[in-house]
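Secondary and tertiary structure notes
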Amino acid sequence: MIRMDSHRNVLTDMNWSPTLQDVSEPNLFREIYDYDSIPKTAFNFRNTPMDMPEEIWMTDTTFRDGQQSTSPFTVQQIVDLFKLMHKLGGKKGMIKQAEFFLYTEKDRKAVEECQQLGYEFPEVTSWIRANKKDFDLVKSMGIRETGILVSCSDYHIFKKMHLTRRQAADQYLGIVKDALSKGIVPRCHFEDITRADFYGFVVPFAIELMKLSREAGIPVKIRACDTLGYGISYPGVTLPRSVPGIIAGLKYYAQVPSSQLEWHGHNDFYKVVTNSATAWLYGCSSVNCSLLGIGERTGNCPLEAMVIEYASLRGTTDGMDISVITDIANYFEKEMGYPIPPRTPFVGRNFNTTRAGVHADGLLKDVEIYNIFNTEKLLNRVPLVSVDSHSGLAGIAYWINGYYKLPKDHEIDKKDEIVVKMKEYIDELYAKGRNTCMGDEEMDEILHNLNPRLHKKLIDAATGEDY
């Protein structure tokens, strides 16, 4: 069938429609995944044009996939984080949904309290086992959409479920029909899509889902789950690892609208943020994330990373309050006792902290030289210097100016007498064998001991008194 593509305004050939290949033996792609070596990245040089949707957004799985990898959250912690997520997403609701478990009394209590907040965004959705009883639970709690697991690789179909492809597809389609019959939007989680036979199972099954969607007049969503982080963003990579190929194939051959496509990645090979952005670029409207990237094994795509990526790709925050990223990080560390690795971008204690003296010297002259963007304005995070044996006079001067929040016209120069004295004292400590960084309280005490009068003036400046 040849039809006009209204998006690209050209005639397109749709004469080939993949059909399900009900093979007798699983296709495990052993040339790529032989298990005893690192998975291979193969190219076939079939490049797909970028096709970013008009609207893109984020969804969140902190309270489902994320929570499975940490100490269980309390109801209050879930509600507090949900409020912060709402504030981060802004009035346009750039974080459209958050998914929850429903199985325990605590799970349901958290859902109810989040629903009672009355937010349009994030919308509360669920994830369930695919059985009739669970659908009744979704309906009774007034939830409009639920995730349903539909594992799509032969690793899962043959080796875990002990089914054929046809049996698996029929079972999944029956479950989706049950959801549609109750007026529930099914979000089909295509587990392990980066090890699945794309044209032998994934696309034919997606075609059948779109038929059901049209018949019911209810959107059936597809979440492409890169369960083990095998996805590759490079142009011309072969399936099943090609993120562009997966998204473009679902859009073109299965005719899945961008608004019904979602990417869910894991970070096993350090590719989760790039793969999520690539999914956007090639036609997927939604990327699924978690706060701080928490989740199974190496974790999910960090929500805060995709907020920044969105602003980078679109040139606007679209109303998101990205300073809330810092509030979220503080909440995890102070209220939940969750240790954030200090070098984690945007949220780690040291992400905009430097130790090198040459960097500190640059910061003294112009903070823009060594800071990635205006972190004070955007994230409420002033760039800092961590003082050690390599910080030099510039590092100490920058620490003084930053710690005591000195106004520009009262900043202390690196040649100031107090800076020289502090450096001499600190150098002596390291000469005697110290090998750790100087803490803020320790630096404050050193300055106080060396010049109590100046110390009082600096404290007065930091607390709003006249300098």
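The following paragraphs examine the structure supplied in this document.

Cut-offs used in this document
- Residues numbered from 1 in each chain as written.
- Predicted model: local features only at pLDDT ≥ 70, side-chain atom pairs only at ≥ 80, totals over all residues.
- Heavy atoms only, no water.
- Helix = DSSP H or I, 4+ residues; strand = E, 2+ residues; numbered from the N terminus.
- Buried < 20%, exposed > 50% of the residue type's maximum accessible area, 1.4 Å probe, protein only.
- Salt bridge = Lys/Arg side-chain N within 4 Å of Asp/Glu carboxyl O.
- Axes fitted to C-alpha atoms, helices over the stretch in contact; angles between N-to-C directions.
- Parallel < 35°, antiparallel > 145°, perpendicular 65-115°, else oblique.
- Left-handed = near helix turned anticlockwise from the far one by under 90°.
- Contact = heavy atoms within 4.5 Å.
- Nonpolar A, V, L, I, M, F, W, Y, C, P; charged D, E, K, R; others polar.
- Pairing = 2+ DSSP bridges.
- Arc of directions from axis to C-beta.
- Polar contact = N/O pair within 3.5 Å; in protein donor to acceptor, adjacent residues only side chain to side chain.
- Right-handed = clockwise from strand over helix to strand, strands pointing away.
- Patch = residues over 30% accessible without salt bridge, like charges linked within 9 Å, V, L, I, M, F, W, Y side chains within 5 Å.
- Areas by Shrake-Rupley, 256 points an atom, 1.4 Å probe, with all protein chains shown as cover.
- Phe/Tyr/Trp six-rings, centres within 6.5 Å; stacked < 30°, edge-to-face > 60°.
- Lys NZ or Arg CZ within 6 Å of the ring centre and 35° of its normal.

Take unusual backbone geometry next. Looking along the chain, the bond that leaves F121 and enters P122 is cis, with omega of -10°. Mapped onto the elements, P122 comes out in the loop between α2 (105–116) and β5 (123–128). Look at the link from L239 to P240: it is a cis peptide, with omega at 10°. For P240, the position within the fold is in the loop between β8 (221–226) and α7 (243–252). Phi is positive for D192, close to 65°, though the residue is something other than glycine. Within the secondary structure layout, D192 lies in the loop between β7 (185–190) and α6 (198–216). On the accessibility criterion, D192 (0% relative accessible area) is buried. Of note, the phi angle at K405 is positive, near 50°, even though the residue is not glycine.

Within the structure shown, the criterion is met by 26 salt bridges. The partner of K251 in a salt bridge is D51, with the nearest N and O atoms 2.9 Å apart. Of this pair, K251 sits in helix α7 while D51 sits in the loop between β2 (10–13) and β3 (57–60); the two residues are 200 residues apart in sequence, bridging distant segments of the chain. Look at D51 and you get buried, because its relative accessible area is 8%. A salt bridge links E262 to R223; the nearest nitrogen and oxygen atoms lie 2.7 Å apart. Residue E262 is located in strand β9 (residues 261–265), and its partner R223 is located in strand β8; the two are separated by 39 residues in the primary sequence. The burial state of E262 is the same as that of R223; both residues are buried. Within the structure, one salt-bridge network assembled from shared partners comprises R64, E99, E123, R144, E145, R187, K221, R223 and E262.

Turning our eyes to something else, we now look at the packing of α7 against helix α8 (residues 272–281). Packing of α7 against α8 brings their axes to within 9 Å, and their N-to-C directions diverge by 30°. One element, α7, and the other, α8, form an angle in the roughly parallel class. Where α7 crosses over α8, the handedness of that crossing is right-handed. Within the contact between the two elements, α7 uses V243, P244 and I247 and α8 uses N275, T278 and A279. Partitioning the contact of α7 with α8 into residue classes produces four nonpolar, two polar and no charged.

Burial within β7 is extensive, with six of its six residues counted as buried. Every second residue of β7 is oriented toward a common face, with V185, R187 and H189 on one face and P186, C188 and F190 on the other, all of them buried. Across five bridges, strand β6 (residues 145–149) lies against β7 in parallel orientation. Residue pairing in the sheet places I148 in a bridge with C188 of β7. Of the pairings in the sheet, the one linking β7 to β8 comprises four bridges and is parallel in character. Looking at the pairing, H189 lines up with R223 of β8.

In an α-helix, one turn spans 3.6 residues; hence positions three or four apart end up facing the same way. All buried positions along helix α16 (residues 452–462) are accounted for by L454, H455, L458 and A461. The buried residues of α16 occupy one face: seen down the axis, they fall within an arc of 120°. Facing away from the buried side of α16, by more than 90 degrees, are the exposed residues R453 and K456. On its buried side, α16 packs onto α13 (392–403), α14 (417–431) and α15 (440–450).

Most of α7 sits inside the fold, with eight of its 10 residues counted as buried. If you check which residues of α7 are buried, you get V243, P244, G245, I246, I247, A248, G249 and L250. Contacts from the buried residues of α7 go to α6, β8, β9 and α8. Capping the start of α7, S242 holds a side-chain oxygen 2.9 Å from the backbone nitrogen of G245, two or three residues further along.

Moving on, we get to the environment of W16. With respect to the helices, strands and loops of the structure, W16 is situated in the loop between β2 and β3. Sequence separation between W16 and Y253 is 237 residues, and the spatial gap between their C-alpha atoms is 8.2 Å. What W16 contacts, discounting residues up to four positions off in sequence, is Y199 and Y253.

Counting buried residues in β8 gives six out of six residues, a clear majority hidden from the surface. Covered by surrounding structure in β8 are K221, R223 and C225 together with I222, A224 and D226, the residues of both alternating faces. The β-α-β motif built from β7, the intervening α6 and the parallel element β8 has right-handed crossover chirality. A crossover links β8 with its parallel partner β9, the connecting element being α7, and its sense is right-handed.

A separate point is a nonpolar patch on the surface. There is a patch of nonpolar side chains on the surface, built from I2, M4 and L11 and spanning about 340 Å² of accessible area. Here L11 lies in strand β2. Overall, L11 belongs to the exposed group, its relative accessible area being 60%.

A few words now on the packing of aromatic side chains. Within this structure, the stated rule accounts for 24 aromatic pairs. For the pair F82 and Y119, a centre-to-centre distance of 5.9 Å together with 20° between the ring planes defines the contact as stacked. Separated by 37 residues along the polypeptide, F82 in helix α1 (residues 75–89) and Y119 in the loop between α2 and β5 bring together distant segments of the chain. Classification of F82 by relative accessible area gives buried; the value is 1%. Taking relative accessible area as the criterion, Y119 reaches 26% and is therefore assigned partly exposed. Measuring from centroid to centroid gives 6.1 Å for F346 and F351, while their planes differ by 70°, and the two rings are edge-to-face. The buried category is assigned to F346, whose relative accessible area is 14%. Here the aromatic cluster, defined as three or more aromatic residues joined through ring pairs, consists of F63, F73, F82, F100, Y119, F332 and Y338. For the cation-ring pair, R195 lies above Y155, with the distance from its terminal atom to the ring centre recorded as 3.7 Å.

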